[in-house]
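Analysis of the macromolecular model
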Amino acid sequence: MKGFLQRVFTKRRETPITYDEAKDMAASPDANVRGVLAQRHDTKPEILYYLASDADSQVRRHIAANHATPVQADVLLTDDKDDSVRGSLAEKIANLSAGLTPNETDKLRRMTYEALDKLARDQAVHVRQVISETLKDIANAPQPIIQQLARDTESVVCGPVLQYSPVLTETDLLEIIEGSSGRGSLSFISRRRNVGEKLADAIAASSDKDAISHLLGNKSAQIREETLDQLIDRAPDYPEWHKPLVERPQLPPTAAGKLARFVAENLIGVLERRKDLKKEQLDAVREVVNRRISSGEFDKREDAPVETRKAKQKQAEQKAAAKSGGAEAAATSEEEESSYEKALALHSKGKLTDKEVAKALAANDVKFARAALAVLAGIPPEAVTKVLNTHSAKGVVSLAWKAGLPAELAVKIQVKLGHVPPGQTLNPRGNDYPLSEEDMKWQLEFFTGMATVGLR
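Residues numbered from 1 in each chain as written. Predicted model: local features only at pLDDT ≥ 70, side-chain atom pairs only at ≥ 80, totals over all residues. Heavy atoms only, no water.

Another aspect to go through is the overall build of the protein. Within the protein, the regular secondary structure consists of 27 helices and 0 strands. Taken across its 456 residues, the protein has 48% of its residues classed as buried. Here the contacts in the protein between residues at least 6 apart in sequence split such that 59% fall between residues at least 24 apart. Carbon together with sulfur atoms contributes 49% to the accessible area of the protein, which is approximately 23500 Å² in total. (Helix = DSSP H or I, 4+ residues; strand = E, 2+ residues; numbered from the N terminus. Buried < 20%, exposed > 50% of the residue type's maximum accessible area, 1.4 Å probe, protein only. Contact = heavy atoms within 4.5 Å. Areas by Shrake-Rupley, 256 points an atom, 1.4 Å probe, with all protein chains shown as cover.)

Quick look at the structure:
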């Protein structure tokens, strides 16, 4: 038996074994031995099915991820009590789901579809999120599943398919906009590639200022001149629209002159440097700018020192916090700002290292550890909070990667700051991160986008 196990545990994991040897491994009291068997692609279906009910969740996780596992065992695992088992199963089945429909006549294909449909409605957000991220850019993903995910109440689930899925039609998206429940749906849709005029009109007609900001910043969005003119008329009340407006690829004939009346001084220069404006349009811009200069408007900027402005801002924030949540909320805000300033100061001296982050984690100094991640990653604290509050292993790992921290430390960050259950953490591959760079960039783009639209 000892020689046999040595063969099984060698790097050549698929060294052939006999049926009797496989049965012995399945009956082994050692979960590691059963786990090795659960990962093999030549294990007989009936043994894999047997292991789907193993007492050890790690063994069941291997069964869930094994492509050789029979569909009957997959269906059994959809009810597994461990979220991470169902998460592994969700990723595998989602990758196998291309071309499936609700009307499958083949029994095995129908069972696969039903398992996927069940997981898409799973009570655990993480399981639904895995399916959404896996299916987001698959052109022939099952349409009813995509429809279900697109209408999910959790932004981390609906977001990926709303922003990327080619399965969703313009009609689908218009219906979702009409029934939007304020969970950021419009913002995800407004960032889609090649948003059409009807969608752009629907988003522009909404009261979702953040979605409109993303729409204006989406250079592939097709916005009618009339719609753009209407948004420019509303723009004086929304400073966050100004920059994307002056940088739009095409502006209506009168737009530049209108924008020059209210955008900040630094954006005036962007307007004047545009190559697509005709001479009369540039003249109109300069005329408005000269008028604003003559009125002394640009000389009325806040000249107080940075420290004074920050002190005033802090005082205003504390007053607002006291109104909404009392002095305790104000104190918390002050502590977080102090941690962020401490992290900035250390970073400016080159002393904000992975050792400092590890030390903060060990001391349970959560506020400083979060602030350090924000500073090192160059990401707003709100985005860091959004990542950590979703308890997404992929999101937290991507954040640690962006911060330039060792892959090993990312595991502690997942548990300590992201509150990811130990059994669901993503562990490094040697010294490398467990996700591809492209995947981590997407995760960060997704979460920073969520923070930008102010999701709660």
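Glancing now at the side chain of Arg61. Tracing the backbone through its elements, the reader meets Arg61 in helix α5 (residues 57–65). In this structure Arg61 comes out as buried when scored by relative accessible area, which is 13%.

As a further point, take the pattern of salt bridges. With the rule as written, the count across this model stands at 27 salt bridges. In this structure, the salt-bridge partner of Glu240 is Lys209, at a minimum N-O distance of 3.4 Å. On the criterion of sequence distance, the pair formed by Glu240 in the loop between α16 (225–234) and α17 (242–246) and Lys209 in helix α15 (residues 209–217) is long-range, its members being 31 residues apart. Exposure remark for Glu240: the relative accessible area of 32% places this residue in the partly exposed category. (Salt bridge = Lys/Arg side-chain N within 4 Å of Asp/Glu carboxyl O.)

With that out of the way, let us pick up the nonpolar core. Within the largest apolar cluster, 124 residues are counted, with the highest numbers of intra-cluster contacts made by Ile131, Leu135, Leu162, Leu259, Leu399, Leu405 and Ile413. Considering every element that reaches this core, the biggest residue donor is helix α23 (residues 366–377), with 9 residues. Discounting residues that sit within four places of it in the chain, Leu135 has contacts with Ala94, Ser97, Ala141, Ile145, Ile146 and Leu149. (Core = buried A, V, L, I, M, F, W, Y, C linked by side-chain atoms within 4.5 Å.)

Further remarks concern the packing of aromatic side chains. Taken as a whole and judged by the stated rule, the model has 2 aromatic pairs. Considering the side-chain rings of Tyr164 and Trp442, the 5.8 Å spacing of their centres and the 50° angle between planes classify their relative orientation as tilted. Linking Tyr164 in helix α11 (residues 155–164) with Trp442 in helix α27 (residues 437–452), this pair joins segments that are 278 residues apart in sequence. Where Tyr238 meets Trp241, the ring centres are 4.4 Å apart and the plane angle is 25°; that geometry is what we call stacked. With relative accessibility at 25%, the residue Tyr238 sits in the partly exposed group. With relative accessibility at 0%, the residue Trp241 sits in the buried group. Above the face of the Trp442 ring, Lys136 is positioned so that its terminal group lies 4.5 Å from the ring centre. The side chain of Lys342 reaches across the aromatic face of Phe368, ending 4.6 Å from its centre. (Phe/Tyr/Trp six-rings, centres within 6.5 Å; stacked < 30°, edge-to-face > 60°. Lys NZ or Arg CZ within 6 Å of the ring centre and 35° of its normal.)

Attention now goes to helix α2 (residues 19–26). Glu21, Ala22, Met25 and Ala26 are the residues of α2 that are buried. Taken around the axis of α2, the buried residues stretch over an arc of 140°, which confines them to a single face. (Arc of directions from axis to C-beta.)

Let us now look at the packing of helix α7 (residues 83–95) against helix α9 (residues 125–135). It is at 8 Å that the axes of α7 and α9 come closest, and there the two elements cross at 20°. Judged by the inter-axis angle, α7 sits roughly parallel to α9. Considering how the two elements wind past one another, α7 and α9 form a crossing that is right-handed. Where α7 abuts α9, its residues Asp83, Arg86, Gly87, Ala90, Glu91, Ala94 and Asn95 lie against His126, Val127, Val130, Ile131, Thr134 and Leu135. Here the contact of α7 with α9 is built from residues that sort into 6 nonpolar, 4 polar and 3 charged. (Axes fitted to C-alpha atoms, helices over the stretch in contact; angles between N-to-C directions. Parallel < 35°, antiparallel > 145°, perpendicular 65-115°, else oblique. Left-handed = near helix turned anticlockwise from the far one by under 90°. Nonpolar A, V, L, I, M, F, W, Y, C, P; charged D, E, K, R; others polar.)

What follows deals with the confidence of the model for the protein. Within the protein, residue pLDDT values average 85, and 86% of them lie at 70 or more. Below pLDDT 50 for its whole length, residues 1–12 participates in 17 contacts with residues either more than four positions away or in separate chains. For residues 301–332, every residue scores under 50 in pLDDT, and the model assigns this stretch 15 contacts once sequence neighbours within four places are set aside. (pLDDT = per-residue confidence, 0-100.)

Take Ala235: it is sitting in the loop between α16 and α17. Considered as a pair, Ala235 and Leu245 are 10 residues apart in the sequence and their alpha carbons are 8.8 Å apart. In this structure Ala235 touches Trp241, His242, Leu245 and Phe262, once residues within four positions along its chain are discounted.

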